[in-house]
Structures are given as C-alpha cells and as structure tokens.
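Each chain, written out:
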Amino acid sequence: MDSLLTRLKPFYIAKLEEVKDKHPFTYNTIIEDLTTNVIYGDLKISAAMNLGSFLTHNSVDLYSLNSELFKPFKIK
C-alpha cells in the first residue's frame, strides 16, 4: 500500500512546501507521520490536528480530513 505522503493531493503537496519554509520542525514531523502511516486512521490525533492546522488552516474538521487531503486507496 502507498503511504499517506504518496496519496496526498497535489494542492496540499504545495501547501506542505509552504510549511517547510515557515515551520521546518513541524514540516519534518508531518513528513514523518505521512511516510510511516498508510491509513489515515493510523495517525495520532495530534498528527491529524497538525495536518488540519498547517495544511487547511483549520477550515476542514477532523472527520473530513481524510477525504479532503488524500486521494482514495488503490487496491491492487
């Protein structure tokens, strides 16, 4: 299965680059979380809150983050 990082939608990949410049520690934490997890449900609540805060500026609630940020699973 693909990691969450490879499933991240292109718009949010660009947003992640903005985070990299402004908040390098948070960027590293987000990258680590996205590369080590394959299912959104595997993320800790703190990691999900970081994604919501830094990538969507809290405009998307936690329940909708999965469908907002990530492309759907491709079952092989």
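As the structure is a prediction and not an experimental result, all values here were calculated from the model.

Visitor: Quick one: what's the story with the overall build of the chain, residue by residue and with numbers?
Guide: Along the backbone of the chain there are 5 helices and 0 strands. Its C-alpha atoms give the chain a radius of gyration of 11 Å, within 12% of the compact-globule value 11 Å for 76 residues. Looking at the chain as a whole, 33% of its 76 residues are labelled buried. Entry remark: accessible area of the chain is about 5100 Å², with carbon and sulfur atoms responsible for 58%.

Visitor: Explain unusual backbone geometry to me, and be specific about the residues and the numbers.
Guide: In this structure, His-57 takes a positive phi of about 55° despite not being glycine. The residue His-57 is located in the loop between α4 (45–56) and α5 (65–69) in this model.

Visitor: Quick one: what's the story with the packing of aromatic side chains, residue by residue and with numbers?
Guide: Using the criterion set out here, one finds 2 aromatic pairs in the structure. Ring geometry for Tyr-40 versus Phe-70: centroids 6.2 Å apart, planes at 50°, classification tilted. With Tyr-40 in the loop between α3 (24–36) and α4 and Phe-70 in the segment after α5, this pair connects stretches of sequence that are 30 residues apart. Among the residues examined, Tyr-40 registers a relative accessible area of 16% and is labelled buried. Judged by relative accessible area, Phe-70 falls into the buried class, the value being 3%.

Visitor: Break down the environment of Ala-14 for me, with residues and values.
Guide: Within the secondary structure layout, Ala-14 lies in helix α2 (residues 10–22). For Ala-14, a relative accessible area of 43% puts it in the partly exposed group. Each C-alpha atom of the pair Ala-14 and Leu-55 lies 9.3 Å from the other, and the pair is 41 residues apart in sequence.

Visitor: Run through the side chain of Thr-56, naming residues and quoting values.
Guide: Position of Thr-56 relative to the elements: it lies in helix α4. At 2.6 Å, the side chain of Thr-56 forms a polar contact with the backbone oxygen of Gly-52. Those residues in contact with Thr-56, other than ones at most four positions away along the chain, are Tyr-12, Leu-51, Leu-65 and Leu-69.

The rules behind the values
- Residues numbered from 1 in each chain as written.
- Predicted model: local features only at pLDDT ≥ 70, side-chain atom pairs only at ≥ 80, totals over all residues.
- Heavy atoms only, no water.
- Helix = DSSP H or I, 4+ residues; strand = E, 2+ residues; numbered from the N terminus.
- Rg over C-alpha atoms; globule rule 2.2 N^0.38 Å.
- Buried < 20%, exposed > 50% of the residue type's maximum accessible area, 1.4 Å probe, protein only.
- Areas by Shrake-Rupley, 256 points an atom, 1.4 Å probe, with all protein chains shown as cover.
- Phe/Tyr/Trp six-rings, centres within 6.5 Å; stacked < 30°, edge-to-face > 60°.
- Polar contact = N/O pair within 3.5 Å; in protein donor to acceptor, adjacent residues only side chain to side chain.
- Contact = heavy atoms within 4.5 Å.

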